[in-house]
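# Observations on the model geometry
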Amino acid sequence: MKLSLCMIVKDEKENLEGCLSKIASFVDEIVIVDTGSKDCTKDIAKKYTNKIYDFNWCNDFSKARNYSIEKASNDWVLVLDADEYIEEFNKSAIEDSIKKDFNNTKVGRIKRINVIEDSNGDKKYIEYVNRLFNKKYFHYEGMIHEQIVSLQDKTYDTFKLRITANHIGYTKEVLSRTNKLKRNIDMLREAIRENPKDPYLYFQLGKSYFMKKDYIKSACNFEKALSFKLDFRLEYVSDLVESYGYSLINSNDFSKALTLEKFRELYANQPDFHFLLGLIYMNNAKFTEAVESF
């Protein structure tokens, strides 16, 4: 069973070499879709593949992703961004996973380490993201922060892969070079105008404001996302709850942050949530409860 790497890129001369050099030996095919580079991005890509295609940008990431998937000659595809560098890739384990028929209708998740710079130095935030799937059963939907969706419109299970990538897309240098946050906020606002009842979009808009350190706006959008009926088993919902708590703390709305107590039973097994709750108690002078949480 063979594996295609599918990427969409634009003006990635700073990152693409580092990305492709670390993944090339692990995949059977590399598909690069360029959405309008004005630098030498495509020249770098030519060192690794002849499957390079142009895509007229239409303000919709899912359409570009799906175009790249269409160009893959293999059913199983792995999706990476140019600012993601592979640190671990267990090829034999991945091959075993995609050989199993029961995984055709599941989505593989890679471990992503986000490197975030702030005034206190570098911080690392670890998450698992859906990135490997069989294109006969899945495609992308969503104009920004696009998500993998079943072609049969069914819910699906996921499985963890022995793949780890470092994500440098939110370092200060990259953000200042690409103006990424402003672009994301503009696109998310547009997506919300078209789909005002999608909590995931409000969550992502809140995350973008959080990165800008506009904690009042981030809290407002997280609160809007939480107003919908949510599946609290989903990983992004757990992130949503915690990010909402930190937005309230950072905007000094300590009393409102106490409302997160209602999630204590849901996240009883998550140390990060207990730590957050400890901070909330501490800022409300509830020191006994803070000690218990910590």
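Everything that follows concerns the structure shown earlier in this document.
The notes below deal with the structure included here. Throughout this description, residue numbers start from 1 for each chain and increase along the sequence as written. Residue-level local features of this predicted model are given only where pLDDT is at least 70; pairs of side-chain atoms are given and counted only at 80 or more, and the full residue set underlies all totals for whole chains, interfaces and linings. Neither water nor hydrogens contribute to the side-chain values; these are computed over all heavy atoms in the structure.

### Some words on the side chain of serine 62
Put simply, DSSP marks the helices as runs of H or I at least four residues long and the strands as runs of E at least two long, and each gets a number from the N terminus on. Structurally, serine 62 is set in helix H3 (residues 61–70). The classification of residues rests on relative accessible area computed with a 1.4 Å probe and restricted to protein chains. Under 20% of the type maximum is buried, over 50% is exposed, and intermediate values are partly exposed. In this structure serine 62 comes out as buried when scored by relative accessible area, which is 6%. Polar contacts, as used here, are pairs of N or O atoms within 3.5 Å; protein pairs need one atom able to donate a hydrogen and one able to accept it. Residues neighboring in sequence count only if both atoms are side-chain atoms. Within the structure, the side chain of serine 62 is placed 3.2 Å from the backbone oxygen of glycine 142, a separation counted as a polar contact. Ignoring any residue separated from it by four or fewer positions in sequence, one finds serine 62 in contact with Tyr140, Glu141, Gly142, Met143 and Glu146. Here a residue-residue contact requires only that any non-hydrogen atoms of the pair lie within 4.5 Å.

### Quick word on the nonpolar core
If you look at the biggest cluster of nonpolar residues, it comprises 53 residues, and the most contacted ones within it are Phe133, Leu260 and Ile280. Each residue touching leucine 260, except ones within four places of it in the same chain, is listed here: Val241, Tyr244, Gly245, Leu248, Phe273, Leu276, Leu277 and Ile280. What makes a nonpolar core is a set of buried Ala, Val, Leu, Ile, Met, Phe, Trp, Tyr and Cys residues whose side-chain atoms join them at distances within 4.5 Å.

### A look at the pattern of salt bridges
Think of a salt bridge as a Lys or Arg side-chain nitrogen and an Asp or Glu carboxyl oxygen that are within 4 Å of each other. Evaluated as defined, the whole model comprises 15 salt bridges. Among the ionic pairs, glutamate 146 bridges to arginine 65, the shortest N-O distance being 2.8 Å. Placement of the pair is glutamate 146 in the loop between strand S8 (138–141) and strand S9 (147–150) and arginine 65 in helix H3, with a sequence separation of 81 residues. We classify glutamate 146 as buried; its relative accessible area is 16%. By relative accessible area, arginine 65 is classed as buried at 5%. Of the charged contacts, one joins lysine 256 and glutamate 223 as a salt bridge, the two residues approaching to 2.8 Å between their closest N and O atoms. Taken as a pair, lysine 256 in helix H10 (residues 254–257) and glutamate 223 in helix H8 (residues 215–226) lie far apart in primary sequence, 33 residues in all. Take lysine 256: its relative accessible area is 32%, and that puts it in the partly exposed class.

### A word on helix H4 (residues 91–99)
For H4, the complete set of buried residues consists of Ile94, Ser97 and Ile98. The arc that holds the buried residues of H4, viewed along the axis, is 90°, so those residues lie on one side. The arc under discussion is defined with respect to the helix axis, by the directions toward the C-beta atoms.

### Description of the packing of aromatic side chains
Aromatic rings from Phe, Tyr and Trp, taking only the six-membered ring of Trp, are treated as a pair when their centres fall within 6.5 Å; an angle between ring planes under 30 degrees marks them as stacked, one over 60 as edge-to-face, and anything in between as tilted. Scanning the model with the defined rule gives 16 aromatic pairs in all. Ring centres of phenylalanine 203 and phenylalanine 222 lie 6.3 Å apart, and the angle between their planes is 40°; on these two criteria the pair is classed as tilted. With phenylalanine 203 in helix H7 (residues 199–211) and phenylalanine 222 in helix H8, the pair connects residues that are 19 residues apart, well separated along the chain. Residues phenylalanine 203 and phenylalanine 222 agree in their burial class; the two are buried. Only Lys NZ and Arg CZ are tested; either one counts as a charge over a ring when it is within 6 Å of the ring centre and within 35 degrees of the ring normal. Lying over the aromatic face of tyrosine 128, lysine 160 brings its terminal NZ or CZ to 4.0 Å of the ring centre.

### Some details on the pairing of strand S1 (residues 3–9)
Along S1, seven of the seven residues are buried, which leaves the element largely enclosed by surrounding structure. The alternating pattern of S1 places Leu3, Leu5, Met7 and Val9 and Ser4, Cys6 and Ile8 on opposite faces, both of which are buried. Strand pairing is assigned whenever DSSP identifies at least 2 bridges connecting the two strands. Sheet analysis places S1 next to strand S4 (residues 76–79), joined by four bridges and oriented parallel. Counterpart to leucine 3 in the pairing with S4 is tryptophan 76. In this structure, S1 lies alongside strand S2 (residues 29–34), joined through six bridges in parallel fashion. Paired with cysteine 6 across the two strands is valine 31, which belongs to S2. Read from S1 through helix H1 (residues 16–23) to S2, the crossover connection turns out right-handed. Crossovers are described as right-handed under a simple rule: with the strands pointing away from the observer, the path leading from the first strand over the helix to the second runs clockwise.

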